[in-house]
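These are the residues of each chain, in order.
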Amino acid sequence: MRKKLVAGNWKMNGSLRQNEVLLSDISAAVPGLTCEVAVFPPYPYLAQSQLALAGSGVALGAQSVSEYTQGAFTGEVSASMLAEFGCRYVLLGHSERRGLFGETDAVVAAKFEAAQKAGLIPVLCLGETLAERESGSTMAVVARQLSSVLDRSGVGAMVSAVVAYEPVWAIGTGMTASPAQAQEVHAAIRAQVAVLDAGVAEGLCILYGGSVKPQNAEELFGQADIDGGLIGGAALVADDFLKICLAAS
Ligand code: PGA
């Protein structure tokens, strides 16, 4: 049986002082949980988070990574640097990276490969816009985004990767996909991987993200192919985040 994962994407939020409280509240509650818990702070706070989470069982992740390994790439952060600061995970292809910063499927696939080469577990984010859903192309969009990684890295790469289905129209809007809508896409993602390798598909952790709250988490996580959540807004409030973790436990 797949273990559930709840991941907190802090986005560009936080401060040394705010993080201190949030990290300590989360670490204190984790011994009572059976799901895996991970937090994704902004780059400058990785060192603070690594220290604060040491020995807690809470995993650390970064929100993006460079596709390059080192050199003259001003503003970029390499996968080996993230590994040095204790990161286990890295988010890739989040819709804000794709939409606001022009990350293409090809760039996301290159970053996926760079992350794995450094021993990080990529959390590959996939999802359709509202216009794409309304035009009936949800499945095609998600399949195309997933294919670009499968084509480049092969299905074996999915053994040490996580997928997050995040409908763009549900992110930060308060509009959650219904459990049935989410389950339909999760099942399609797993089926696409299963065509290449049924065993890999069965073990693949697929998170749902997009306005997950304490009120809707349990029903979402109860779906057959939903293995946890990628949480944005609610991950900044310890009480809400921990209630979501409890729903996954
Ligand atoms: P949200 O964000 O929970 O605030 O909708 C989710 C995400 O962007 O990962």
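For the structure, check the block above.
Everything numeric here is computed off the predicted structure, so don't read it as measured data.

1. Some points on the pattern of salt bridges
A side chain of one charge can pair with a side chain of the opposite charge if their charged atoms are brought near each other.
Step number 1: Within this structure, the stated rule accounts for 14 salt bridges.
Step number 2: One salt bridge connects arginine 133 with glutamate 128, and the closest N-O pair in it is separated by 2.7 Å.
Step number 3: A residue is classified by how much of its surface remains accessible, and glutamate 128, at 0% relative accessible area, is buried.

2. Let's talk about the packing of helix H1 (residues 16-29) against helix H11 (residues 238-248)
Step number 1: At a minimum axis distance of 10 Å, the contact between H1 and H11 shows a crossing angle of 30°. Considered as vectors, H1 and H11 are oriented roughly parallel to each other. The handedness of the crossing between H1 and H11 comes out as right-handed. The residues of H11 that touch H1, namely those facing Leu22, Asp25, Ile26 and Ala29, are Ala238, Phe241 and Leu242.
Step number 2: In terms of residue class, the contact of H1 with H11 is made up of 6 nonpolar, no polar and 1 charged.

3. Quick notes on the site of the ligand
Step number 1: Inspection of the region around the ligand gives 13 residues, with Lys11, His94, Glu166, Gly172 and Ser211 positioned closest.
Step number 2: Between the ligand and serine 211 there is a distance of 2.8 Å, counted from an oxygen atom to a backbone nitrogen or oxygen.
Step number 3: Residue glycine 232 places a main-chain N or O atom 2.9 Å away from an oxygen atom belonging to the ligand.
Step number 4: Protein chains bury 95% of the 280 Å² of accessible surface belonging to the ligand in isolation.
Step number 5: Residue classes in the shell around the ligand are distributed as 4 nonpolar, 7 polar and 2 charged.

Procedures and definitions
Residues numbered from 1 in each chain as written. Predicted model: local features only at pLDDT ≥ 70, side-chain atom pairs only at ≥ 80, totals over all residues. Heavy atoms only, no water. Salt bridge = Lys/Arg side-chain N within 4 Å of Asp/Glu carboxyl O. Buried < 20%, exposed > 50% of the residue type's maximum accessible area, 1.4 Å probe, protein only. Axes fitted to C-alpha atoms, helices over the stretch in contact; angles between N-to-C directions. Helix = DSSP H or I, 4+ residues; strand = E, 2+ residues; numbered from the N terminus. Parallel < 35°, antiparallel > 145°, perpendicular 65-115°, else oblique. Left-handed = near helix turned anticlockwise from the far one by under 90°. Contact = heavy atoms within 4.5 Å. Nonpolar A, V, L, I, M, F, W, Y, C, P; charged D, E, K, R; others polar. Near = heavy atom within 4 Å. Polar contact = N/O pair within 3.5 Å; in protein donor to acceptor, adjacent residues only side chain to side chain. Areas by Shrake-Rupley, 256 points an atom, 1.4 Å probe, with all protein chains shown as cover.

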